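Coordinate inspection notes
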Amino acid sequence: DIDGVGQKYHLELVLEDVLDKDSTVNCTAEVLYHLGNNIPPDVQFAIAGELKNAEAADNIFYNRIKSLEKELVAENIPDSRGNVSPEMEPVHLLAWVASGYVIWQNSTENTKFQLAQIKRVKQVKRRDEYLEFDYTILLHEMVSQEIIPWQMTVLWHPQHSVQVTQDSRQPKHA
Amino acid sequence: SKMKLILIFSALFGVSLGLETFVGHQVLRIKTRNEDEVKKLQLLESLEHLELDFWINPSSPALPVDVRIPANSVQAVKAFLESHGIWYSILVEDLQVVLDKEKQDMACSQQRERSSNSFNYGTYHTLDDIYAELDHLASEYSNIVSKLQIGESYEKRPLYVLKFSTGGSNRPAIWIDAGIHSREWVTQASAIWIAKKIASDYGADPSITSLLNKMDIFLLTVSNPDGYVFTHTTNRMWRKTRSKNQGSLCVGVDPNRNWDAGFGGPGASSNPCSDSYRGPSASSEVEVKSVVNFIKNHGNIQAFLTLHSYSQLLMYPYGYKCTEPADYAELNALGKAAASSIRSLYGTTFTVGSICTTIYQASGGSIDWSYDNGIKYSFAFELRDTGRYGFLLPATQIIPTAEETWLGLKTIMEHVRDNSY
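As annotated in an unreviewed UniProt entry, chain B is CBPA2 Carboxypeptidase from Aramus guarauna. Heading Subcellular location (unreviewed entry) of the UniProt record for chain B holds this comment: "Secreted". The Cofactor (unreviewed entry) field of the UniProt record for chain B holds the comment "Zn(2+)".

With an unreviewed UniProt entry as reference, chain A is termed LXN protein, source organism Aramus guarauna.

Following this line, the structure appears as structure tokens:
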């Protein structure tokens, strides 16, 4: 508890590769939630070791999308039964990474968000080398149990990190 | 005539296709360590006379290479790999054996489906299909299983409970329910598997046999049928009941904030549009009232176990307040034992604790109600997973989830059997 500033948490965690359960790496982090909860928490972290190199898979995905004749459009990933087609798996993973940013920017000590589903994703044509996707995702907030639709525009290229250039909370249906 | 010639040619063509066999074909997985080895495999790829069929082509050292090799090229390819020190393993020793078995399995399961109305427990089903299977179980195991209707949902769908009993009169009983929150599909799916398991284990498994010789089990596989149908037809993420709220366009009440336990307290919303809306009053929801009435009228329920998803938690009261229940020590120990049983099967870890300290303060919850009404062994399970798929758990995980959950339930039920009160 830091008087006049907020609450700071010191964390020790283990990161596990979603695609390879045996691949883990230790991590330490400090999270500062500000008083008033209207600014995103500050996060500092250190990773003890290296994250796996995904260059080959990244390039395969990048080239596949680049060579599509029509812009990619898809809905409901995973579907009602939890299925994700192999072609859509990288699109799903990209959303997961990008939603991490949105979740961070909207977290307080009283929220716990998870990406529940990609409702819709549309590739946006670009003239440069980047790939751009316009996602509508559903975030599940554990404490209130609400499902919150959220729009996010995601930019990506194999040699650059994922960027969320625009995001906005969407109104819920009745 | 021309037609006849075409027919003969297509018949011959069809026959020749059918004659292709994979006897002696092997599938190898090759792991390259560097670009040089990748190039060697690409050279191999170019040798057409070997008739190699690459399921994963050589492209980068980071990815494995899977290749099907016709019988008469197998030795040559292995010699090549070995002479260059390239690592490989045999994925399939004889492809034809695998194909034959697959054909056999498919014919078998098709026949089974045709002849005995076989229910696939490893997939998600509609309400109608689940209800049909309840009838099927009650008829196939009529000596111990019967179906009761304990009420009707808001939209007038029957609320069916399976009773597992070997006789007696109002024996001490265990209550299990699933699907009170309709989007938690793995719970209804697990419940129907558990129903089959209890029925078929009687007489075969000593533990369940001794349990059912002393106690009854009541299983409500779909606590919120209106919500469940809605998740199939309209909104996969629907949680609540489908009751109309006076003065609001928003529909539904959170049935697990509607019980008469700290009702109206923190952790439940008073806004009808909220997914944790508590409702206008305690037990306002017919789905909740029906269970309350059943349990009160029975009068001899010793355990109340409810299934939710997701998060992998095993919780005991309280949710509406953060103070320990009187039986904290025993419930915590039993919860830990159950979590240990769950973990023994596939390594799935469940966190054990009271609702308030484990997730959040939440009023109007079912196990708080059951506990405060004298049912000591009150537990709420949150099944797989921890967020990767969340509510959209792939069907391939239904049976493993049901199997491990069953072990946890069994641990608790055995304790109840041996500690009647």
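Picking up where we left off.
**Here's the deal with the overall build of chain B**
In terms of regular secondary structure, chain B is built from 13 helices and twelve strands. Relative to the 2.2 N^0.38 estimate, which gives 22 Å for 421 residues, the radius of gyration of chain B is 28 Å and therefore markedly larger than a compact globule would have. Its C-alpha atoms give chain B principal-axis dimensions of about 80 × 60 × 50 Å. Within the span of chain B, comprising 421 residues, buried residues form 53% of the whole. When the accessible surface of chain B is split by element, carbon and sulfur atoms take 52% of a total near 18500 Å². Taking the 39 positively charged and 45 negatively charged side chains of chain B as two groups, their mean positions are separated by 3 Å.

**Things to note about the overall build of chain A**
On a plain count of helices and strands, chain A comes out with two helices and eight strands. Secondary structure elements in chain A, listed N-terminal to C-terminal, are β-β-β-α-β-α-β-β-β-β. With the C-alpha coordinates aligned to their principal axes, the bounding extent of chain A is approximately 55 × 45 × 35 Å. Relative to its full complement of 174 residues, chain A shows a buried share of 37%. Considering only residue pairs separated by 6 or more positions, chain A has 47% of its internal contacts joining residues 24 or more positions apart. If the 16 positive side-chain charges of chain A are averaged to one point and the 26 negative ones to another, these points end up 10 Å apart.

**Concerning the sheet that holds strand β8 (residues 160-169) of chain A**
Sheets are built from strands paired through backbone hydrogen bonds, the pairs being either parallel or antiparallel. Residue and element names in this part refer to chain A. Taken in spatial order, the five strands make up an open sheet running β4-β5-β6-β7-β8, and their pairing is antiparallel. Pairing within the sheet leaves two strands with one partner each, and these edge strands are β4 (73-77) and β8. On average, each strand axis in the sheet is tilted by 25 degrees relative to the strand beside it, whichever way the strands run. Judged from the ten bridges that link them, strand β5 (residues 113-124) and strand β6 (residues 131-141) form a sheet pairing that is antiparallel.

**Notes on helix α5 (residues 127-140) of chain B**
All names here are of chain B. The terminal C-alpha atoms of α5 lie 20 Å apart, and with 14 residues this matches the ideal 20 Å at 1.5 Å per residue to within 8%. For α5, every residue scored as buried is listed here: Leu127, Ile130, Tyr131, Glu133, Leu134, Leu137 and Ala138. When α5 is viewed along its axis, its buried side chains cluster within an angular range of 160 degrees and face the same direction. Of the exposed residues in α5, the ones pointing more than 90 degrees away from its buried face are Asp128 and Ser139.

**Remarks on the pairing of strand β9 (residues 301-309) of chain B**
All names here are of chain B. Most of β9 sits out of view: nine of its nine residues are buried. Pairing of strand β7 (residues 173-178) with β9, which is carried by six bridges, proceeds in the parallel orientation. Opposite Ala178, over in β9, you have Leu307 as the bridge partner. As defined by bridge partners, β9 adjoins strand β12 (residues 377-383) across seven bridges and the pair is classed as parallel.

**Examining the UniProt feature "domain: Cystatin LXN-type" (unreviewed entry) in chain A**
Under the present numbering, the feature "domain: Cystatin LXN-type" (unreviewed entry) in UniProt falls on residues 1-55 and 73-174 of chain A. As annotated, residues 1-55 of chain A comprises 2% helix and 62% strand, and the C-alpha atoms at either end are separated by 42 Å.

**Quick notes on unusual backbone geometry**
Put simply, Ser309(B) and Tyr310(B) share a cis peptide bond, and its omega is 0 degrees. Geometrically, the link from Arg384(B) to Asp385(B) is a cis peptide bond, its omega value of -5 degrees lying close to zero. Position of Asp385(B) among the secondary structure elements: in the loop between β12 and α13 (398-418). Here Asn76(A), not a glycine, exhibits a phi torsion of approximately 50 degrees, which is positive.

**Remarks on the sheet that holds strand β2 (residues 53-56) of chain B**
Residues and elements named next belong to chain B. Strand order in the open sheet formed by four strands is β2-β3-β1-β4, with antiparallel pairing between adjacent strands. Of all strands in the sheet, those with a lone pairing partner are β2 and β4 (87-92), marking the two edges. The sheet shows a mean angle of 30 degrees between the axes of neighbouring strands, taken without regard to direction. Sheet contacts for helix α3 (residues 74-83): β1 (26-31), β3 (65-69) and β4; angle to β1, the most-contacted strand, approximately 15 degrees.

**Re the interface of chain A and chain B**
Think of interface size as the accessible area that goes away when the parts come together; that is how it is often given. Taken together, the 25 residues of chain A in the interface contact 28 residues of chain B. Roughly 2200 Å² of surface becomes buried between chain A and chain B when both sides are summed, with 55% attributable to carbon and sulfur atoms. Applying the counting rule to chain A against chain B returns one salt bridge. The interface formed by chain A and chain B holds eleven residue pairs in polar contact (both at pLDDT 80 or more) in total. For the side of chain A that touches chain B, the per-class residue count stands at 13 nonpolar, seven polar and five charged.

**Notes on the state of the cysteines**
Residues and elements named next belong to chain B. One pass over the full model with this rule turns up two disulfides over all chains. Between Cys250 and Cys273 runs a disulfide, and the two sulfur atoms are separated by 2.0 Å. Judged by the sign of its S-S torsion, about 90 degrees, the cystine formed by Cys250 and Cys273 is right-handed. Here Cys250 is found in the loop between α8 (225-233) and α9 (286-298), whereas its partner Cys273 is found in the loop between α8 and α9, with 23 residues between them in sequence. For Cys250, a relative accessible area of 9% corresponds to the buried category. For Cys322, the disulfide goes to Cys356, at an S-S distance of 1.7 Å.

Rules of the game
- Residues numbered from 1 in each chain as written.
- Chains lettered and ligands numbered in written order.
- Predicted model: local features only at pLDDT ≥ 70, side-chain atom pairs only at ≥ 80, totals over all residues.
- Heavy atoms only, no water.
- UniProt positions renumbered as here; feature names shortened; annotations may be inferred.
- Helix = DSSP H or I, 4+ residues; strand = E, 2+ residues; numbered from the N terminus.
- Rg over C-alpha atoms; globule rule 2.2 N^0.38 Å.
- Buried < 20%, exposed > 50% of the residue type's maximum accessible area, 1.4 Å probe, protein only.
- Areas by Shrake-Rupley, 256 points an atom, 1.4 Å probe, with all protein chains shown as cover.
- Lys, Arg positive; Asp, Glu negative; His and termini not counted.
- Charge placed at Lys NZ, Arg CZ, Asp CG, Glu CD.
- Contact = heavy atoms within 4.5 Å.
- Pairing = 2+ DSSP bridges.
- Axes fitted to C-alpha atoms, helices over the stretch in contact; angles between N-to-C directions.
- Expected span 1.5 Å × (residues − 1).
- Arc of directions from axis to C-beta.
- Buried area = accessible area lost by both parts, 1.4 Å probe.
- Salt bridge = Lys/Arg side-chain N within 4 Å of Asp/Glu carboxyl O.
- Polar contact = N/O pair within 3.5 Å; in protein donor to acceptor, adjacent residues only side chain to side chain.
- Nonpolar A, V, L, I, M, F, W, Y, C, P; charged D, E, K, R; others polar.
- Disulfide = S-S within 2.5 Å.

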